[in-house]
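# Understanding the architecture of this molecule
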Amino acid sequence: MHDPETESIAEASSATYQLHAVLVRVFETGVLLIGESGIGKSECALDLITRGHQLCADDAVEVFAIEGLLFGRAPDITRHLLEIRGLGIINVPEIFGEQAVRDASEIELCIELGRTVEASPLENAASDYAVAGGVIPKYVLPVSSGRNLTTLIETAVRLHHNGGNGNAAELLIEEHTRMLDPIR
(Lines give C-alpha, C1' and ligand atoms only; values in the text may rest on other atoms or scores of the structure.)
Protein backbone atom coordinates (compact mmCIF):
# COMPACT_ATOMS: atom_id res chain seq x y z
CA MET A 1 0.00 0.00 0.00
CA HIS A 2 1.40 3.41 -0.93
CA ASP A 3 1.60 5.48 2.25
CA PRO A 4 3.16 8.95 1.74
CA GLU A 5 3.47 9.58 5.50
CA THR A 6 5.51 6.45 6.21
CA GLU A 7 7.56 6.97 3.04
CA SER A 8 8.56 10.48 4.15
CA ILE A 9 9.44 9.12 7.61
CA ALA A 10 11.52 6.36 6.04
CA GLU A 11 13.34 8.83 3.79
CA ALA A 12 14.19 11.01 6.80
CA SER A 13 16.21 8.27 8.47
CA SER A 14 19.98 8.38 8.49
CA ALA A 15 21.56 5.37 10.23
CA THR A 16 19.79 2.08 9.65
CA TYR A 17 20.39 -1.33 11.19
CA GLN A 18 19.33 -4.46 9.36
CA LEU A 19 17.83 -7.26 11.44
CA HIS A 20 16.81 -10.81 10.57
CA ALA A 21 13.17 -10.32 11.56
CA VAL A 22 9.62 -9.71 10.38
CA LEU A 23 7.74 -6.43 10.88
CA VAL A 24 3.95 -6.45 10.94
CA ARG A 25 1.24 -4.00 11.96
CA VAL A 26 -1.17 -5.62 14.40
CA PHE A 27 -4.07 -3.50 15.66
CA GLU A 28 -2.22 -0.43 14.32
CA THR A 29 0.88 -1.32 16.35
CA GLY A 30 4.26 -2.04 14.78
CA VAL A 31 5.40 -5.48 15.98
CA LEU A 32 8.91 -6.80 15.36
CA LEU A 33 8.98 -10.62 15.27
CA ILE A 34 12.41 -12.08 16.03
CA GLY A 35 13.74 -15.60 16.52
CA GLU A 36 16.00 -18.14 14.91
CA SER A 37 15.71 -18.94 11.22
CA GLY A 38 12.87 -21.35 10.46
CA ILE A 39 11.02 -20.78 13.76
CA GLY A 40 7.85 -19.56 11.98
CA LYS A 41 8.05 -15.76 11.86
CA SER A 42 6.92 -15.54 8.23
CA GLU A 43 4.11 -18.07 8.75
CA CYS A 44 2.87 -15.98 11.69
CA ALA A 45 2.97 -12.90 9.46
CA LEU A 46 0.94 -14.76 6.80
CA ASP A 47 -1.67 -15.76 9.37
CA LEU A 48 -1.81 -12.19 10.70
CA ILE A 49 -2.32 -10.90 7.15
CA THR A 50 -5.26 -13.27 6.68
CA ARG A 51 -6.77 -11.75 9.85
CA GLY A 52 -6.58 -8.24 8.38
CA HIS A 53 -3.23 -7.03 9.74
CA GLN A 54 -0.41 -5.63 7.56
CA LEU A 55 3.05 -6.77 6.46
CA CYS A 56 5.85 -4.20 6.51
CA ALA A 57 8.91 -6.42 6.05
CA ASP A 58 9.78 -10.11 5.90
CA ASP A 59 13.16 -11.69 6.62
CA ALA A 60 15.13 -8.42 6.67
CA VAL A 61 14.00 -5.28 8.47
CA GLU A 62 15.82 -1.97 8.20
CA VAL A 63 15.45 -0.34 11.62
CA PHE A 64 16.16 3.33 12.32
CA ALA A 65 15.41 5.92 14.97
CA ILE A 66 13.87 9.34 14.49
CA GLU A 67 13.45 11.67 17.48
CA GLY A 68 13.60 8.76 19.93
CA LEU A 69 11.08 6.56 18.09
CA LEU A 70 11.98 3.35 16.25
CA PHE A 71 10.80 2.72 12.70
CA GLY A 72 11.24 -0.14 10.28
CA ARG A 73 10.84 -0.95 6.61
CA ALA A 74 11.81 -3.65 4.12
CA PRO A 75 14.82 -3.28 1.85
CA ASP A 76 13.65 -2.20 -1.62
CA ILE A 77 14.35 -5.61 -3.15
CA THR A 78 12.00 -7.48 -0.76
CA ARG A 79 9.31 -4.83 -0.20
CA HIS A 80 5.84 -6.43 -0.04
CA LEU A 81 7.26 -9.95 -0.49
CA LEU A 82 6.78 -12.82 1.94
CA GLU A 83 8.73 -16.09 1.78
CA ILE A 84 6.84 -19.16 2.96
CA ARG A 85 8.63 -22.52 2.94
CA GLY A 86 6.72 -24.87 0.68
CA LEU A 87 4.90 -22.06 -1.16
CA GLY A 88 7.81 -19.88 -2.26
CA ILE A 89 7.84 -16.10 -2.44
CA ILE A 90 4.44 -14.43 -2.30
CA ASN A 91 3.68 -10.93 -3.56
CA VAL A 92 1.37 -9.94 -0.72
CA PRO A 93 -0.61 -7.12 -2.43
CA GLU A 94 -1.26 -9.33 -5.47
CA ILE A 95 -2.70 -12.12 -3.30
CA PHE A 96 -4.28 -10.20 -0.39
CA GLY A 97 -4.73 -6.65 -1.76
CA GLU A 98 -2.98 -3.34 -1.20
CA GLN A 99 -4.48 -2.97 2.30
CA ALA A 100 -2.38 -5.96 3.45
CA VAL A 101 0.94 -4.10 3.23
CA ARG A 102 2.55 -1.01 4.68
CA ASP A 103 5.78 0.57 3.42
CA ALA A 104 7.11 1.54 6.85
CA SER A 105 5.95 1.51 10.45
CA GLU A 106 6.86 2.69 13.87
CA ILE A 107 8.11 -0.28 15.92
CA GLU A 108 6.43 -0.34 19.32
CA LEU A 109 6.72 -3.95 20.46
CA CYS A 110 9.05 -6.92 19.97
CA ILE A 111 7.96 -10.54 20.14
CA GLU A 112 10.62 -13.22 20.20
CA LEU A 113 9.63 -16.71 19.13
CA GLY A 114 11.70 -19.39 20.86
CA ARG A 115 11.78 -23.18 21.01
CA THR A 116 12.39 -23.46 24.75
CA VAL A 117 11.15 -20.69 26.97
CA GLU A 118 10.69 -20.97 30.70
CA ALA A 119 8.67 -18.36 32.54
CA SER A 120 6.62 -18.21 35.68
CA PRO A 121 2.94 -17.46 35.06
CA LEU A 122 3.00 -15.02 37.98
CA GLU A 123 5.85 -12.83 36.78
CA ASN A 124 5.63 -9.94 34.34
CA ALA A 125 6.48 -11.52 31.00
CA ALA A 126 7.60 -8.28 29.36
CA SER A 127 11.25 -7.33 29.22
CA ASP A 128 13.18 -4.70 27.24
CA TYR A 129 14.63 -5.04 23.74
CA ALA A 130 17.30 -2.55 22.66
CA VAL A 131 17.83 -1.85 18.96
CA ALA A 132 19.05 1.11 16.88
CA GLY A 133 19.51 3.27 19.96
CA GLY A 134 15.96 2.70 21.21
CA VAL A 135 14.29 0.37 23.68
CA ILE A 136 10.89 -1.30 23.27
CA PRO A 137 8.98 -3.87 25.33
CA LYS A 138 9.55 -7.52 24.40
CA TYR A 139 7.56 -10.69 25.00
CA VAL A 140 9.06 -14.14 24.47
CA LEU A 141 6.61 -16.76 23.19
CA PRO A 142 7.44 -20.47 23.20
CA VAL A 143 6.88 -22.22 19.88
CA SER A 144 5.50 -25.73 20.08
CA SER A 145 3.02 -27.95 18.34
CA GLY A 146 -0.58 -26.94 18.90
CA ARG A 147 0.07 -23.37 20.04
CA ASN A 148 -1.80 -20.65 18.19
CA LEU A 149 1.00 -18.10 17.88
CA THR A 150 -1.15 -15.65 15.92
CA THR A 151 -3.68 -15.41 18.74
CA LEU A 152 -0.84 -15.09 21.25
CA ILE A 153 0.72 -12.26 19.20
CA GLU A 154 -2.62 -10.44 18.99
CA THR A 155 -3.05 -10.90 22.76
CA ALA A 156 0.48 -9.57 23.42
CA VAL A 157 -0.42 -6.45 21.43
CA ARG A 158 -3.62 -6.04 23.46
CA LEU A 159 -1.59 -6.43 26.68
CA HIS A 160 0.82 -3.80 25.38
CA HIS A 161 -2.10 -1.43 24.71
CA ASN A 162 -3.29 -2.02 28.30
CA GLY A 163 0.12 -1.22 29.78
CA GLY A 164 1.62 -4.70 29.90
CA ASN A 165 0.27 -7.45 32.09
CA GLY A 166 -1.26 -4.83 34.32
CA ASN A 167 -1.54 -5.99 37.87
CA ALA A 168 -3.60 -9.17 37.35
CA ALA A 169 -0.89 -11.40 38.86
CA GLU A 170 -0.39 -9.03 41.80
CA LEU A 171 -4.14 -8.98 42.49
CA LEU A 172 -4.24 -12.78 42.36
CA ILE A 173 -1.36 -13.06 44.84
CA GLU A 174 -2.94 -10.47 47.17
CA GLU A 175 -6.32 -12.24 47.08
CA HIS A 176 -4.69 -15.61 47.63
CA THR A 177 -2.71 -14.23 50.59
CA ARG A 178 -5.86 -12.65 52.04
CA MET A 179 -7.73 -15.96 51.75
CA LEU A 180 -4.93 -17.85 53.51
CA ASP A 181 -4.66 -15.29 56.31
CA PRO A 182 -8.22 -13.98 56.94
CA ILE A 183 -7.38 -12.62 60.41
CA ARG A 184 -5.43 -9.63 59.08
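Note that this is a predicted model, so its numbers are computed, not measured.

Below, the discussion takes up the overall build of the protein. Tallying secondary structure elements over the protein gives five helices and 12 strands in all. Per-residue burial for the protein yields a buried fraction of 43% across its 184 residues. Look at the contacts in the protein between residues 6 or more apart in sequence, and 71% of them connect residues 24 or more apart. Accessible area of the protein: about 10,100 Å², with a carbon and sulfur share of 52%.

The backbone of E28 sits at a positive phi, close to 60°, despite the residue not being glycine. Assessed through its relative accessible area of 56%, E28 is described here as exposed. Notably, A132 is not glycine yet its phi reads approximately 50°, a positive angle. Structurally, A132 is set in the loop between β11 (127–131) and β12 (134–142). On the basis of relative accessibility, which here comes to 14%, the residue A132 falls in the buried class.

Turning our eyes to something else, we now look at the packing of helix α2 (residues 41–50) against helix α4 (residues 149–161). Relative to each other, α2 and α4 sit at 75°, their axes nearing to 9 Å. In terms of axis orientation, α2 runs roughly perpendicular to α4. Judged by residue contacts, C44, D47 and L48 of α2 engage L149, T150, I153 and E154 from α4. Of the residues in the contact of α2 with α4, the class split is four nonpolar, one polar and two charged.

Pairing is mixed across the open sheet formed by six strands, whose spatial order is β4-β2-β3-β10-β12-β11. The open sheet has two edge strands with one neighbour each: β4 (54–57) and β11. Ignoring which end each strand starts from, the neighbouring axes of this sheet average 35° apart. Across the sheet, α2 touches β2 (22–26), β3 (29–34), β4 and β10 (109–114), and the angle it forms with β2 is around 25°. Sitting on the sheet, α4 touches β2, β3, β10 and β12, and the angle it makes with β12 is about 140°.

If you trace the backbone, E106 turns up in strand β9 (residues 104–106). Residue class for E106 comes out partly exposed when judged on its relative accessible area of 26%. In this structure, the C-alpha to C-alpha distance between E106 and G72, residues 34 residues apart in sequence, is 6.3 Å. Not counting residues up to four positions away in its chain, the partners in contact with E106 are R25, G30, L69, L70 and F71.

Parameters and conventions
- Residues numbered from 1 in each chain as written.
- Predicted model: local features only at pLDDT ≥ 70, side-chain atom pairs only at ≥ 80, totals over all residues.
- Heavy atoms only, no water.
- Helix = DSSP H or I, 4+ residues; strand = E, 2+ residues; numbered from the N terminus.
- Buried < 20%, exposed > 50% of the residue type's maximum accessible area, 1.4 Å probe, protein only.
- Contact = heavy atoms within 4.5 Å.
- Areas by Shrake-Rupley, 256 points an atom, 1.4 Å probe, with all protein chains shown as cover.
- Axes fitted to C-alpha atoms, helices over the stretch in contact; angles between N-to-C directions.
- Parallel < 35°, antiparallel > 145°, perpendicular 65-115°, else oblique.
- Nonpolar A, V, L, I, M, F, W, Y, C, P; charged D, E, K, R; others polar.
- Pairing = 2+ DSSP bridges.

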